[in-house]
Amino acid sequence: MKIPFNKPYLAGNEETYMLEALRRGPHLGNGPFAEKCLSLLRTRYGFTHVFLTPSCTAAMEMGALLAELSPGDEVILPSYTFSSTANAIVLRGARPVFCEVEAATMNMDVNLIETLVTSRTRMVAPIDFAGIPCDMDAIKDIAQKYNLVVMQDAAQSLHSFYKGRPCGGEATLAAFSFHESKNFSCGEGGALVVNRPEWVERATFLQEKGTDRSLVIKGLRSKYSWVDLGSSFLISDILAALLLAQLEQAETITAKRARVTDGYRELFTPYRTSGCLSIPQPPLNVKTNHHAFFVIFGQSQNRDRFLAGCREREIYPYIGYLPLHSSPMGRKFGYRPEDLPLTEALAKRIVRLPFYTGLADEGLEYCFEGMQRVLNGLYD
Ligand SMILES: Cc1ncc(COP(=O)(O)O)c(C=O)c1O
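The rules behind each value
Residues numbered from 1 in each chain as written. Predicted model: local features only at pLDDT ≥ 70, side-chain atom pairs only at ≥ 80, totals over all residues. Heavy atoms only, no water. Pairing = 2+ DSSP bridges. Helix = DSSP H or I, 4+ residues; strand = E, 2+ residues; numbered from the N terminus. Buried < 20%, exposed > 50% of the residue type's maximum accessible area, 1.4 Å probe, protein only. Arc of directions from axis to C-beta. Contact = heavy atoms within 4.5 Å. Near = heavy atom within 4 Å. Polar contact = N/O pair within 3.5 Å; in protein donor to acceptor, adjacent residues only side chain to side chain. Areas by Shrake-Rupley, 256 points an atom, 1.4 Å probe, with all protein chains shown as cover. Nonpolar A, V, L, I, M, F, W, Y, C, P; charged D, E, K, R; others polar. Axes fitted to C-alpha atoms, helices over the stretch in contact; angles between N-to-C directions. Parallel < 35°, antiparallel > 145°, perpendicular 65-115°, else oblique. Left-handed = near helix turned anticlockwise from the far one by under 90°. Domains from an automatic or database assignment. Buried area = accessible area lost by both parts, 1.4 Å probe. Salt bridge = Lys/Arg side-chain N within 4 Å of Asp/Glu carboxyl O. Patch = residues over 30% accessible without salt bridge, like charges linked within 9 Å, V, L, I, M, F, W, Y side chains within 5 Å.

Student: Which residues make up the sheet that holds strand 10 (residues 277-278), and what values go with them?
Tutor: Read across the open sheet, the three strands follow the order 10-12-13; overall the sheet is antiparallel. Where the open sheet ends on each side, the last strands, each with one partner, are strand 10 and strand 13 (350-352). Across two bridges, the pairing between strand 10 and strand 12 (residues 294-297) is antiparallel. Its bridge partner being in strand 12, S278 is matched across the sheet by I296.

This is how it looks when you write it as structure tokens:
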């Protein structure tokens, strides 16, 4: 048996919905299935203003345009994130200012954000690693104090809840991913939530290549013209049909994924108790969507031996992100590895375990047994 890191999941209605979209049309963006997805997102999570985009990457690029980030601006973000969080900022000529993480969640350490604020800071861009919500109340307080935009990279956290509130509902802007590796997927896709009402009309222009086509659709103009910056921040209705089938099954998907989390937690807890490694410790006031599970080994050699032992059994954990501040691009901004020592150290010791919805149905026992053997070899 082979346990890949990720595997796409079909919730049931994908083929029916996609065929319907294909045969009936229209196939373009903001079509009937997109409207159904948006309506579900509005109703279930209270996202009043939400746009489907080609990816989370594109959603953040649209967000950065909307926030009018400009050269000279600074944006505080974790170094422990995907390149897309930083690219959205850098593409606008702004400077990424990297913040350390805290090990319990691998999210940005909110206690350090204020130390990084300068007169040029315009935005904070936290992520919700592994679907564990960042401390949004603390981040919002800082943003309010210094008049900053919060753009939440919620790529991994749709259907996670912070103090009972859905992730993505409170930041100025929040970007989700529907990439194949995420809990709810359409292969490649994303969404941008805009929580600043005065930005919403402009968002419709940016999404439609900088035109006011949205006003034509509403019957407010007879023809549309080029009114702003923009790009094609839309997804085809065929992909929206795929996404709808997944979003509708959010509870079933989450319940299956919870079984994977529970199993990993049980497997690794004795090793955590004996101080060999650590596992995620989401705060008690959050409910996660079980996006991912990570283990931070005490020593990087043990992480590497664990990875090798798993691979021998055809089980494929993954090393996680390489910190951005010490990446080739990070160095171009003048950062050195030693600038964020904790992030550097943790990134050498962390693994993300195989995690996909279908694992709950097939392969879980094989995965646990294989990992148990590897752990026995490491610690007994
Ligand atoms: C934190 C984070 N942000 C952004 C992305 C990019 O998402 P997408 O592939 O939808 O652009 C990822 C992808 O895994 C991610 O983990």
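Student: Which residues make up helix 6 (residues 136-146), and what values go with them?
Tutor: It helps to recall that an α-helix has 3.6 residues per turn; residues three or four apart then point in one direction. Turning to helix 6, its buried residues are M136, I139, I142 and A143. Around the axis of helix 6, the buried residues are gathered within 125 degrees of arc, so they sit on the same side. Across from the buried face of helix 6, at angles greater than 90 degrees, the exposed residues are D141, Q144 and K145. Contacts from the buried residues of helix 6 go to helix 5 (110-116), strand 4 (121-124), strand 5 (149-153) and strand 6 (161-162). Where helix 6 ends, the next residue or the one after it, N147, has phi of about 60 degrees, a positive value.

Student: Got a sec to walk through the site of the ligand? Specific residues and values, please.
Tutor: By nearness alone, 15 residues border the ligand, and T57, D153, S177, K182 and Y321 come closest of all. S177 places a polar side-chain atom, nitrogen or oxygen, 2.7 Å from an oxygen atom of the ligand. Y321 has a polar side-chain atom sitting 2.7 Å from an oxygen atom of the ligand. Here the ligand loses 91% of its free accessible area of 400 Å² to cover by the protein chains. Classifying every residue of the shell around the ligand by side-chain character gives five nonpolar, eight polar and two charged.

Student: So what's going on with the packing of helix 1 (residues 14-24) against helix 9 (residues 237-247)? Residues and values would help.
Tutor: Two elements in contact, helix 1 and helix 9, have axes separated by 8 Å at closest approach and are oriented at 155 degrees. Between helix 1 and helix 9, the angle is such that the two are roughly antiparallel. Pair helix 1 / helix 9 crosses with right-handed handedness. Contacts from E14, Y17, M18, A21 and L22 of helix 1 reach helix 9 at D237, I238, A241, L242, L244, A245 and Q246.

Student: Now, about the packing of helix 3 (residues 56-66) against helix 4 (residues 83-90): what can you tell me, with residues and values included?
Tutor: Closest axis-to-axis distance for the helix 3/helix 4 pair is 8 Å, and the angle between their directions is 30 degrees. Comparing the axis directions of helix 3 and helix 4 gives the class roughly parallel. For the element pair helix 3 and helix 4, the recorded crossing hand is right-handed. Here T57, M60, E61 and A64 of helix 3 lie close against helix 4, whose contacting residues are S84, T85 and A88. Here the contact of helix 3 with helix 4 is built from residues that sort into three nonpolar, three polar and one charged.

Student: Could you give me a rundown of the domain arrangement of the protein, with the residues and numbers involved?
Tutor: Assigned domains of the protein: these are domain 1 (14-247) and domain 2 (251-379). With centres defined by C-alpha atoms, the gap from domain 1 to domain 2 works out at 26 Å. Opposite the 38 residues of domain 1 that make contact, domain 2 presents 37 residues. Both sides together, the interface formed by domain 1 and domain 2 hides about 3,200 Å², and carbon and sulfur atoms give 61% of it. Remark: the boundary between domain 1 and domain 2 carries zero salt bridges. Only helix 4, strand 3 (95-99) and strand 6 provide two or more residues apiece to the side of domain 1 that touches domain 2. Per element, the largest residue contribution to the side of domain 1 that touches domain 2 is five residues, and it comes from strand 3. Broken down by class, the residue content of the side of domain 1 that touches domain 2 amounts to 21 nonpolar, 13 polar and four charged.

Student: So what's going on with a nonpolar patch on the surface? Residues and values would help.
Tutor: On the surface, Y318, I319 and L322 cluster together into a nonpolar patch covering about 290 Å² of accessible area. Note on placement: I319 falls in the loop between helix 11 (300-312) and helix 12 (328-332). Judged by relative accessible area, which is 30%, I319 ranks as partly exposed.

Student: Give a description of the pattern of salt bridges that names residues and reports values.
Tutor: As enumerated under the stated definition, the model contains 18 salt bridges in all. Linking R120 and E74 is a salt bridge whose minimum nitrogen-to-oxygen distance equals 3.0 Å. One end of the pair, R120, is in the loop between helix 5 and strand 4; the other, E74, is in strand 2 (residues 74-78), with 46 residues separating them in the sequence. Here R120 falls in the partly exposed class, since its relative accessible area comes to 44%. A relative accessible area of 8% means that E74 is categorised as buried. In this structure, R165 engages E170 in a salt bridge whose closest nitrogen and oxygen atoms are separated by 2.8 Å. We classify E170 as partly exposed; its relative accessible area is 23%. Within the structure, one salt-bridge network assembled from shared partners comprises D137, K140, K163, R165 and E170.

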